[in-house]
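The chain contents come next:
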Amino acid sequence: MKYLKFLIAGIIFGIILAKAEVISWYRIYEMFRFESFHMYGIIGCAVAIGLIATQLFKRSKIKDINGNEIVITDKPKIYKANLIGGVIFGLGWAMTGACPGPLFILLGYGFPIILIVILGALLGSFVYGILKPKLPH
């Protein structure tokens, strides 16, 4: 029952993404061809909200679901691995026309072919989990 609010938040977030056309492969295609500002505007708003939320977390004593204080530490320098991972993520996004966020929304909208992308994302996460100790971090 304590996770019900997260389920509701996820459903609302999914509706917002669908109504904002973020799940549209055509919008993603436009973005990667630099033909439209639509997706860049949405991503820019998300970055701005993330910056504000991070500052709120740093300046106040916000707690997680278990009552532990959320502590945000400074990140180390950007590694080559982060850049390579970002390129792989972007290529996957461009090739599938779907960011990981709306995969289940697309499935709910009646696109069963997205199951292949979901399985690929799960497989990639599994392989990363196995290789993580051997990768530079």
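It should be noted that the structure appears before, not after, this text.
A short tour of the structure in this document, coming up.

### Looking at the layout of surface pockets
Left-over empty space is what a probe sized like a water molecule reveals as it rolls over the atoms.
In step 1: Its volume calculated, the largest pocket comes out at about 910 Å³.
In step 2: Taken together, 25 residues line the largest pocket, and the ones lying closest to its centre are G85, I88, F89, G124 and Y128.
In step 3: Secondary structure elements with two or more residues in the lining of the largest pocket: α4 (80-96) and α6 (114-131).
In step 4: Of all the elements, α4 adds the most residues to the lining of the largest pocket, at nine residues.
In step 5: Across the lining of the largest pocket, the residue classes tally to 17 nonpolar, eight polar and no charged.
In step 6: Counted as a void, the second largest pocket has a volume near 340 Å³.
In step 7: Lining the second largest pocket are 14 residues; nearest its centre among them are F13, L17, V22, I42 and A46.
In step 8: Contributions of two or more residues to the lining of the second largest pocket are made by α1 (4-19) and α3 (38-59).
In step 9: Among the elements that line the lining of the second largest pocket, the one with the most residues is α3, at six residues.
In step 10: Here the residues of the lining of the second largest pocket sort into 13 nonpolar, one polar and no charged.

### Overview of the packing of helix α2 (residues 25-32) against α4
In step 1: For the pair α2 and α4, interaxial distance at closest approach is 9 Å and the crossing angle is 130°. Classed by the angle they form, the pair α2 and α4 counts as oblique. When the axes of α2 and α4 are compared, the crossing they make is left-handed. Listed contacts from α4 to I28, M31 and F32 of α2 are G90, W93 and A94.
In step 2: By residue class, the composition of the contact of α2 with α4 is five nonpolar, one polar and no charged.

### Points about the packing of aromatic side chains
In step 1: Under the criterion given, the structure shown has five aromatic pairs.
In step 2: Ring centres of Y26 and Y29 lie 6.5 Å apart, and the angle between their planes is 35°; on these two criteria the pair is classed as tilted. Of the two residues, Y26 and Y29 both sit in helix α2, three residues apart, roughly one turn of that helix.
In step 3: What makes Y29 partly exposed here is its relative accessible area of 38%.
In step 4: Measuring from ring centre to ring centre gives 5.5 Å for F32 and W93, while their planes differ by 90°; the resulting arrangement is edge-to-face. In this pair, F32 sits in helix α2 while W93 sits in helix α4, placing the two residues 61 residues apart along the sequence.
In step 5: In this structure F32 comes out as partly exposed when scored by relative accessible area, which is 35%.
In step 6: Members of the aromatic cluster, connected to one another through ring pairs, are F32, F89 and W93.

### Looking at the nonpolar core
In step 1: Judged by nonpolar contacts, the single largest core of 14 residues is most densely connected at I23, M39 and I114.
In step 2: Sorting the residues of this core by element identifies α1, α2, α5 (103-108) and α6 as the ones contributing at least two each.
In step 3: At three residues, α5 tops the list of elements feeding residues into this core.
In step 4: Once residues within four sequence positions are removed from consideration, I23 is found in contact with L17, A18, P102, I105, L106 and Y109.

Reading the values: the criteria
Residues numbered from 1 in each chain as written. Predicted model: local features only at pLDDT ≥ 70, side-chain atom pairs only at ≥ 80, totals over all residues. Heavy atoms only, no water. 1 Å grid on protein atoms, 1.4 Å probe; cavity = no way out; pocket = protein on both sides within 12 Å on 5 of 7 lines; lining within 4 Å. Points joined across faces, edges and corners; volume = space filled by probe spheres on them. Helix = DSSP H or I, 4+ residues; strand = E, 2+ residues; numbered from the N terminus. Nonpolar A, V, L, I, M, F, W, Y, C, P; charged D, E, K, R; others polar. Axes fitted to C-alpha atoms, helices over the stretch in contact; angles between N-to-C directions. Parallel < 35°, antiparallel > 145°, perpendicular 65-115°, else oblique. Left-handed = near helix turned anticlockwise from the far one by under 90°. Contact = heavy atoms within 4.5 Å. Phe/Tyr/Trp six-rings, centres within 6.5 Å; stacked < 30°, edge-to-face > 60°. Buried < 20%, exposed > 50% of the residue type's maximum accessible area, 1.4 Å probe, protein only. Core = buried A, V, L, I, M, F, W, Y, C linked by side-chain atoms within 4.5 Å.

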